[in-house]
Amino acid sequence: MLTKFETKSNRVKGLSFHSKRPWILASLHSGVIQLWDYRMGTLIDRFDEHDGPVRGVHFHKSQPLFVSGGDDYKIKVWNYKLHRCLFTLLGHLDYIRTVQFHHECPWIVSASDDQTIRIWNWQSRTCISVLTGHNHYVMCALFHSKEDLIVSASLDQTVRVWDIGALRKKVSPADDILRLSQMNTDFFGGIDAVVKYVLEGHDRGVNWASFHPTLPLIVSGADDRQVKIWRMNDTKAWEVDTLRGHMNNVSCVLFHARQEIIVSNSEDKSIRVWDATKRTGLQTFRREHDRFWILSCHPEMNLLAAGHDSGMIVFKLERERPAFSLSGDTLYHVKDRFLRSYDYSTQKDTQVIPIRRPGSTSLNQGPRTVSYSPTENAVLICSDIDGGSYELYIVPKDNFGRGDTVQEAKRGIGGSAVFVARNRFAVLEKSSNQVLVKNLKNEIVKKSALPVATDAIFYAGTGNLLCRAEDRVVIFDLQQRLILGDLQTSFVRYIVWSNDMGSVALLSKHSIIIADKKLVHRCTLHETIRVKSGAWDDNGVFIYTTLTHIKYCLPNGDSGIIRTLDVPVYITRIFGNTIFCLDRDGKNRPIVIDSTEYVFKLSLLRKRFDQVMSMIRNSELCGQAMIAYLQQKGFPEVALHFVKDERTRFNLALESGNIQIAVASAKEIDEKDHWYRLGVEALRQGNTGIVEYAYQRTKNFERLSFLYLITGNLDKLSKMMKIAEVKNDVMGQFHNALYLGDIKERIKVLENAGHLPLAYITASVHGLPDIAERLAAELGDNVPSLPKGRSASLLMPPGPILCDGDWPLLRVTKGIFEGGLDNAGRGAQEDYEDAADGDWGEDLDIVDVGNMQNGDINMPVEDEEGEEGNDEGGWDLEDLGLPPDVDTPKTAVSARSSVFIAPTAGMPVSQIWTQKSSLAAEHAAAGNFDTAMRLLSRQVGIKNFAPLKSVFIDLHMGSHTCLRAFSSAPVISLAIERGWSESASPNVRSPPALVFNFSQLEEKLKAGYKATTAGKLTEALRLFLSILQTIPLIVVDSRREVDEVKELIVIVKEYVLGCQMELKRRELKDNPVREQELAAYFTHCNLQLPHLRLALMSAMRVCFKAGNLNTAANFARRLLETNPTAENQAKTARQVLQAAERNMKDVSQLNYDFRNPFVVCGSTYVPIYRGQKDVSCPYCSSRFVPSQEGQLCAVCDLAVVGADASGLLCSPSQVR
């Protein structure tokens, strides 16, 4: 059973499929009727008017109606578009069991516990016939799909077939009314419907009976747990066979609409499928806790539904996907037990060979996949027979096209089988998780174990397999037994390779993953309804089908709908605008599509702007979706050429910075808000002419004044002051006077406004005694006093940096779209006419822009008209019919500002540094600490980054500097490059300058040696550790220096270990044995000769004092062998030797054997003798006892002991 949809609800008693839409009605025991979309899995509507359980429900074939009948004795007819009940039919006197519309006449048949069957006319809303005869509850009554018959089943143990031919003849509504009066007189003796047969044979009550859609057969199910098949002819009906197997009452049974099978369900919690011809059981599907009550069959599709105690299921019994394989221009597919070939060029379908029919009786045994080898003309057909098996056929050359002889196939068991080479095919053996490679004689040539638990294999190029596991797919090379690619995915069902095998689409139930041939992920698409099939077109676009649509997926993951589908199809191949597909009946169907939309998007994506241009000119691409797409992808200037609506044009023009079009649109719209937004954008571009024009249109005088102030246009500012005076705008007048620094005007404004004290102070401070005296006289005694000893200074706004005119903008070439699209749609004729004009472009440059740029404000109108007359030339501005107070400014000299395209930002240097580098130091310098840490973890197994934090920060800070711009601007960060010179090309980036270098480490090493000699071991340990913790972030140039770095790690590691042991020894006072051991181990560290002598002296002293004379003598001998230069060292050693020779004994036993070579464990400080197991630190190579594996290295404090690492990279020369 292939479950397509499942619901959880109250007990489902009635079901009905819609004939066209993917809908199903479920009537529940709770009284609710649910309308579900089984394809999307959503509840569309619920109808809740019945009182008590609703046992019957049925969709009308063509009208937006359904009928329901319930335990409230009511039949209700509903309109699902209006979401309401249209009317109720009353007449039954007990529970209603089933209701059904007639396929042609406006009739409803209902069966009830009142022992009658009623036929209703739903147009006249009357009962037109009552069928009596059963003497117990009538459990079901159904119309025949072709003939005038009704079948009914009753608990009186009979099935009755009724002939309603006489009723068909009475179709006029008048007859219905006549009929009513007749019914009253002759209630129980209707003559329109007569019993044709009474079928007796069941031992208990019959729950269901239904007709075969075409044959004269009836099937019934009863409480005697049996399913009976009955045949009928014109005169009689008889029992043909009984199907036994159910363990409880059979609640429903029907013939499958498209296959020769019977489906029944029962209160024994099972659905059983029976072979209608052989009359044997095929399959049983059980539920744990739910009894089944009802079955429904889709009128046109291969779908069934079953209702049970806690919901319902919509399911299929068999897969309908045809098995097919492509080879060049030919498609091989299986249909009706024949292998067929379809030639795309001639569109001819040919029968090739018959294939064996499945011997087993269960369902779903048809071919699942086909694999074809063109050179050998061999076909592999896989199916689920025997838990997965394959058949190998060799197609005879001469037989091609006749396809009538059955040949014996070579068979084998295997999960899936595919050709991997000309004459080799791979078979998956699931039990052992290996692939068997076989030849055409079906002999095993080679076995290969698979790297993941595989449940299916697919072809992935010659010699390669794509293996599917539960949560991933891998590409496996059968020759080298290597994994070539690995990708985590949800469960993949189908694989589609592009023609060049460069891309692959992995199809899951609800998603599509696109990857390249090495399974590197490119994009993922999610669909709400099931993905069915797909193929690649010649442009590298993946075209796929869902249950309802043909869609496309671009390489970047953008997708869209090409067209809708009535029935699901399976795409096999795409040629240009034609999609070839197989439908569920195995027929090849070419579908012609319009590929304009996705080809346009693809051209944009691939920056094939020439194609984009021609498509815009020639095609009918439009619509909000396309405009939104172009906006989203950063091509508003292209979207502009699709748009006629001025508001959208205005928005797109602002977005693409095209001031010219924005001005034109703003004029058309002429709304305050649009002029304001235009002003903001023009100001951003520094196009003061347009800003001024926009402010003039909205009469925004404050903004205009401020604009004139910052552009230094004092003439216009004084005009603004006059306008404010005319408009009696005191505040505006005062502000303008303040901007201009016009003191007399300010005094005048204050005086007129009645602020005499302020006017007096202004006059006094600015040294205008005449006016001050006049005002003092007016003020009399109220003259304000001025503070003493203050020096006044004139308040004047600063002069603007750039006076008047537009900002200088970068001259850049026009984008392909501006250049090409401005001419889009012009005929060739016009081009010639333009050319004849010749010099028009230059004339524009010559025009004196000064006066044209900024339309003056209409104060003295006469002057302006004079100016206009001189400057307008041939531009005919007055034709625009603008208001007389303003002039439309020209956007710029050579329309520079409107086609300004900011140069695209380059890649940040820090990004360039990290792009090609595998050196952790360079990533840290670029500020990419995350990747630097990942690199160090991979290269040398470092896990503890705390000691490296300061080094990382120093590297980052050291490779950047900051430049001050001017005071209000933020500082500019600047990357410093290694080995920079003025002669270097500005486009070539060098790696970052690094603050740490190898020579600094050498200095530190010397300091460490010095501290060791002086016995300052704590200081020495700090120095050596800092070297060890800086080396991972050192970069050197040559291979020789790389070797020196590696050598330095080993030297420093020995000193760190030695110092740690010696410091530990000095801490131990109460454990003389351990003290001696640590002193002894120290002498086995690889130290410089002077330090080795000191270590030997120390060990000799400690052992001598503790009475271990034999061990002390060994140290004395080793010391003398080094030829010590200090006389006191040699003397002491000789004395110890003499003392020891008298008594060669050790008082205490040490864990120390100087005859047996060993290394010291860096954590536990115990010897690891030659031949014993150990683990090492991947970075500093210190050795440890096996129990330390997975711990942090105690020597370098960075890496994890025993971790996998590829080795330190500290030079570009290692990577080349």
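Because the structure is predicted, anything quoted here is derived from the model rather than measured.

## Some remarks on the overall build of the protein chain
Stage number 1. Check the secondary structure of the protein chain and you find 32 helices and 61 strands.
Stage number 2. Put simply, the protein chain has 1216 residues, and 50% of those count as buried.
Stage number 3. Sequence-distant contacts, at least 24 apart, represent 48% of the contacts inside the protein chain between residues at least 6 apart.
Stage number 4. When the accessible surface of the protein chain is split by element, carbon and sulfur atoms take 50% of a total near 58300 Å².

## Quick notes on the pattern of salt bridges
Stage number 1. Under the counting rule described, the total for this entry stands at 46 salt bridges.
Stage number 2. Of the charged contacts in the structure, one is a salt bridge between K228 and E239, with a shortest N-O distance of 3.0 Å. One end of the pair, K228, is in strand β20 (residues 226-232); the other, E239, is in strand β21 (residues 237-244), with 11 residues separating them in the sequence.
Stage number 3. We classify K228 as buried; its relative accessible area is 4%.
Stage number 4. Judged by relative accessible area, E239 falls into the partly exposed class, the value being 33%.
Stage number 5. Note that D1174 is salt-bridged to R1183, the shortest N-O span being 2.5 Å.
Stage number 6. Several salt bridges converge on common partners, so that one network encompasses E6, K8, R287 and D290.

## Points about unusual backbone geometry
Stage number 1. A positive phi angle is found at Q157, which is not glycine, with a value near 75°.
Stage number 2. Here Q157 lies in the loop between β15 (149-154) and β16 (158-163).
Stage number 3. Owing to a relative accessible area of 34%, Q157 belongs among the partly exposed residues under this scheme.
Stage number 4. Within the chain, N433 stands out as a residue other than glycine whose phi angle is a positive 50°.
Stage number 5. Mapped onto the secondary structure, N433 falls in the loop between β38 (424-429) and β39 (434-439).
Stage number 6. The buried category is assigned to N433, whose relative accessible area is 19%.

## With respect to the packing of helix α3 (residues 596-605) against helix α5 (residues 624-632)
Stage number 1. The N-to-C vectors of α3 and α5 enclose an angle of 10°; their axes lie 12 Å apart at closest approach. Here α3 is positioned roughly parallel relative to α5, judged by the angle of their axes. Contacts between α3 and α5 involve E597, F600, K601 and L604 from the former and M626, Y629 and L630 from the latter.
Stage number 2. Split by residue class, the contact of α3 with α5 holds 5 nonpolar, no polar and 2 charged.

## Some remarks on the packing of aromatic side chains
Between two aromatic rings, the relevant description is the distance of the centres plus the angle of the planes.
Stage number 1. Evaluation of the coordinates by the stated rule reveals 31 aromatic pairs.
Stage number 2. With a centroid separation of 6.2 Å and an interplanar angle of 15°, the aromatic rings of F542 and Y544 are classed as stacked.
Stage number 3. Taking the relative accessible area as the measure of exposure, Y544 reaches 0% and is therefore buried.
Stage number 4. Through a chain of ring-to-ring contacts, three or more aromatic side chains come together here, namely W23, F47, F59, F66, W78 and Y80.
Stage number 5. Above the ring of W238, the side-chain terminus of K236 is found at 5.1 Å from the ring centroid.

## Details of the nonpolar core
Burial of nonpolar side chains together is a common tendency in soluble globular proteins.
Stage number 1. Counting residues in hydrophobic clusters, the biggest one holds 91 residues, and the most contacted among them are L936, F1024, L1028, I1031, Y1179, C1180 and C1196.
Stage number 2. Ranked by residues supplied to this core, first place goes to helix α28 (residues 1039-1067) with 11 residues.
Stage number 3. Filtering out sequence-adjacent residues up to four positions away, F1024 remains in contact with L1005, G1008, Y1009, T1012, V1052, Y1055, V1056 and C1059.
Stage number 4. Counting 61 residues, the second-largest nonpolar core is a separate cluster that includes I574, V638, F642 and I669.

## A look at the sheet that holds β15
Stage number 1. An order of β14-β15-β16-β17 is seen for the 4 strands of this open sheet, with the pairing classed as antiparallel. A strand with exactly one partner marks an edge of an open sheet, and here the two such strands are β14 (138-143) and β17 (194-200). Going across the sheet, the axis of each strand differs from the next one's by a mean of 20°, ignoring polarity.
Stage number 2. Bridge count between β16 and β17: 6 bridges; the pairing is antiparallel. For T158, the partnering residue across the bridge sits in β17 and is E200.

## Regarding helix α15 (residues 756-765)
Stage number 1. Regarding α15, the residues found buried are L756, A759, Y760, T762 and A763. Summarising the axial view, the buried residues of α15 lie within an arc of 165°, below the 170-degree limit, and thus occupy one face.
Stage number 2. For α15, the secondary structure elements touched by its buried residues are α14 (743-752) and α16 (769-779).
Stage number 3. Note on α15: the residue one or two positions beyond its end, G767, has a positive phi of about 70°.

## Some points on the side chain of N433
Stage number 1. Here the side chain of N433 touches V452 through a polar contact of 2.9 Å, landing on its backbone oxygen.
Stage number 2. Only 2.9 Å separates the side chain of N433 from the backbone nitrogen of T454, close enough to count as a polar contact.
Stage number 3. Apart from the residues lying within four places of it in its own chain, the contact partners of N433 are A449, L450, V452, A453 and T454.

## Notes on the sheet that holds strand β54 (residues 578-583)
Stage number 1. What the 3 strands build is an open sheet, ordered β53-β54-β55; its pairing is antiparallel. Each having just a single partner strand, β53 (569-575) and β55 (588-592) make up the two edges of the open sheet. Recorded for the sheet is a direction-independent mean angle of 30° between the axes of neighbouring strands.
Stage number 2. Inspection of the sheet shows β53 paired to β54 by 6 bridges, in the antiparallel sense. Counted as the bridge partner of Y570 is L582 from β54.

## Quick word on the environment of R11
Stage number 1. On the secondary structure map, R11 appears in the loop between β1 (2-8) and β2 (12-17).
Stage number 2. What makes R11 partly exposed here is its relative accessible area of 23%.
Stage number 3. Sequence separation between R11 and H29 is 18 residues, and the spatial gap between their C-alpha atoms is 5.3 Å.
Stage number 4. Setting aside residues up to four positions removed in sequence, R11 forms contacts with S27, L28, H29, R291, W293, H308 and D309.
Stage number 5. At 3.1 Å, the side chain of R11 and the side chain of D309 are in polar contact.

## Details of the environment of G732
Stage number 1. Considering the arrangement of structural elements, one finds G732 in helix α13 (residues 730-740).
Stage number 2. Here G732 falls in the buried class, since its relative accessible area comes to 15%.
Stage number 3. C-alpha separation for the pair G732 and M721, spaced 11 residues apart in sequence, amounts to 7.3 Å.

## Focus on the side chain of D275
Stage number 1. Structurally, the position occupied by D275 is in strand β24 (residues 270-275).
Stage number 2. K278 is the oppositely charged side chain nearest to the buried, salt-bridge-free D275, at an N-O distance of 4.6 Å.
Stage number 3. Only 2.7 Å separates the side chain of D275 from the side chain of T277, close enough to count as a polar contact.
Stage number 4. Those residues in contact with D275, other than ones at most four positions away along the chain, are E260, I261, T280 and L282.

## Section: the confidence of the model for the protein chain
Stage number 1. Looking at the protein chain, the pLDDT average stands at 83 and 88% of residues meet or exceed 70.
Stage number 2. Every residue in residues 823-898 scores below 50 in pLDDT, and together they form 91 contacts with partners more than four places removed in sequence or on other chains.

## Here's the deal with the UniProt feature "coiled-coil region" (unreviewed entry) in the protein chain
Stage number 1. Here, the residues flagged by UniProt with the feature "coiled-coil region" (unreviewed entry) are residues 1123-1150.
Stage number 2. Within residues 1123-1150, the helical portion is 57% and the strand portion 0%, while the C-alpha atoms at the span's ends are 27 Å from each other.

## Focus: a nonpolar patch on the surface
Stage number 1. Together, L963, I972 and L974 line one region of the surface with nonpolar side chains, adding up to about 240 Å² of accessible area.
Stage number 2. If you trace the backbone, I972 turns up in strand β57 (residues 972-975).
Stage number 3. Residue class for I972 comes out partly exposed when judged on its relative accessible area of 44%.

Cut-offs applied
Residues numbered from 1 in each chain as written. Predicted model: local features only at pLDDT ≥ 70, side-chain atom pairs only at ≥ 80, totals over all residues. Heavy atoms only, no water. Helix = DSSP H or I, 4+ residues; strand = E, 2+ residues; numbered from the N terminus. Buried < 20%, exposed > 50% of the residue type's maximum accessible area, 1.4 Å probe, protein only. Contact = heavy atoms within 4.5 Å. Areas by Shrake-Rupley, 256 points an atom, 1.4 Å probe, with all protein chains shown as cover. Salt bridge = Lys/Arg side-chain N within 4 Å of Asp/Glu carboxyl O. Axes fitted to C-alpha atoms, helices over the stretch in contact; angles between N-to-C directions. Parallel < 35°, antiparallel > 145°, perpendicular 65-115°, else oblique. Nonpolar A, V, L, I, M, F, W, Y, C, P; charged D, E, K, R; others polar. Phe/Tyr/Trp six-rings, centres within 6.5 Å; stacked < 30°, edge-to-face > 60°. Lys NZ or Arg CZ within 6 Å of the ring centre and 35° of its normal. Core = buried A, V, L, I, M, F, W, Y, C linked by side-chain atoms within 4.5 Å. Pairing = 2+ DSSP bridges. Arc of directions from axis to C-beta. Polar contact = N/O pair within 3.5 Å; in protein donor to acceptor, adjacent residues only side chain to side chain. Lys, Arg positive; Asp, Glu negative; His and termini not counted. pLDDT = per-residue confidence, 0-100. UniProt positions renumbered as here; feature names shortened; annotations may be inferred. Patch = residues over 30% accessible without salt bridge, like charges linked within 9 Å, V, L, I, M, F, W, Y side chains within 5 Å.

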